Amino acid sequence: GAGVSQSPSNKVTEKGKDVELRCDPISGHTALYWYRQRLGQGLEFLIYFQGNSAPDKSGLPSDRFSAERTGESVSTLTIQRTQQEDSAVYLCASSLSGASGTEQFFGPGTRLTVL
Amino acid sequence: GNSVTQMEGPVTLSEEAFLTINCTYTATGYPSLFWYVQYPGEGLQLLLKATKADDKGSNKGFEATYRKETTSFHLEKGSVQVSDSAVYFCALVMGNNRLAFGKGNQVVVIP
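The rules behind these values
Residues numbered from 1 in each chain as written. Chains lettered and ligands numbered in written order. Predicted model: local features only at pLDDT ≥ 70, side-chain atom pairs only at ≥ 80, totals over all residues. Heavy atoms only, no water. Helix = DSSP H or I, 4+ residues; strand = E, 2+ residues; numbered from the N terminus. Rg over C-alpha atoms; globule rule 2.2 N^0.38 Å. Contact = heavy atoms within 4.5 Å. Areas by Shrake-Rupley, 256 points an atom, 1.4 Å probe, with all protein chains shown as cover. Pairing = 2+ DSSP bridges. Axes fitted to C-alpha atoms, helices over the stretch in contact; angles between N-to-C directions. Buried area = accessible area lost by both parts, 1.4 Å probe. Salt bridge = Lys/Arg side-chain N within 4 Å of Asp/Glu carboxyl O. Polar contact = N/O pair within 3.5 Å; in protein donor to acceptor, adjacent residues only side chain to side chain.

1. Notes on the overall build of chain B
1) Next: Secondary structure assignment for chain B yields zero helices and twelve strands.
2) Next: Reading chain B from its N end, one meets helices and strands in the order β-β-β-β-β-β-β-β-β-β-β-β.
3) Next: The C-alpha atoms of chain B give 13 Å as radius of gyration, which agrees with the globular expectation for 111 residues (13 Å, within 12%).
4) Next: With the principal axes as the frame, chain B shows a C-alpha extent of 40 × 25 × 25 Å.
5) Next: Sequence-distant contacts, at least 24 apart, represent 54% of the contacts inside chain B between residues at least 6 apart.
6) Next: Here chain B displays about 5100 Å² of accessible surface, and carbon together with sulfur accounts for 48% of that area.

2. A short note on the sheet that holds strand E6 (residues 65-69) of chain A
All names here are of chain A.
1) Next: Strand order in the open sheet made by the four strands is E1-E3-E7-E6, with antiparallel pairing throughout. Pairing within the sheet leaves two strands with one partner each, and these edge strands are strand E1 (5-7) and E6. Between one strand axis and the next, the sheet turns by 15° as a mean value, whatever way the strands run.
2) Next: Judged from the five bridges that link them, strand E3 (residues 19-24) and strand E7 (residues 75-79) form a sheet pairing that is antiparallel. Directly across from valine 19, in E7, lies its bridge partner isoleucine 79.

3. Concerning the interface of chain A and chain B
When the parts come together, some accessible area is lost, and that loss is often what is quoted as the size of the interface.
1) Next: Of the residues lining the interface, 23 residues belong to chain A; the matching set on chain B comes to 17 residues.
2) Next: Between chain A and chain B, the buried area comes to about 1500 Å², and carbon and sulfur atoms account for 51% of it.
3) Next: On the chain A side of the interface with chain B, the three residues burying the most area are Leu43, Gly101 and Phe106 of chain A, jointly 30% of the side's total.
4) Next: For the pair chain A and chain B, the number of links is one salt bridge.
5) Next: Linking chain A with chain B are seven residue pairs in polar contact (both at pLDDT 80 or more).

Put into structure tokens, the structure is as follows:
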């Protein structure tokens, strides 16, 4: 079956512009996560969605970052007024449930470059 | 807070050599521990995991043992192949099943 997909695979934008990144989770997976990986760093958690519960936004680095998810399907991560420090690979993952230890399946990522 | 520390720097070794990648963690309680691998041009994928102290995770010839005494989860493989060249990430699970990752180690296996 299809894995997690993300689009675009690469995005180059100018400082100050808004960008929108998309994630299509594995069908039937109720939990969805966004992470980012800046150069030379490990993955940082950004936000978590589980079913219809309120999302865990505790990892979002600033109010310029927001994310939405419609039900148990597609999610979009929006970064407003992008800054150069936002340049990173943004990874989406999904899991069958949000139970601790449930395997997360990762997408290929979106590489964002802010000029 | 909960965190993971991996040894610094890339690892370069010859085919059939023994591989060790160190990972230590700081955590409240005993979270599940993971090793993820990212092969060139591919997405991150789970390599192995251990859910409680003294558990040993294994897959594809790799092993890691959950050691609470030393708060470690070192990854080992007895005889590496060129196809093992990848970036390896140690991680632990936190609340809401979110993962805290180490910085990763690039492993390059030379024929």
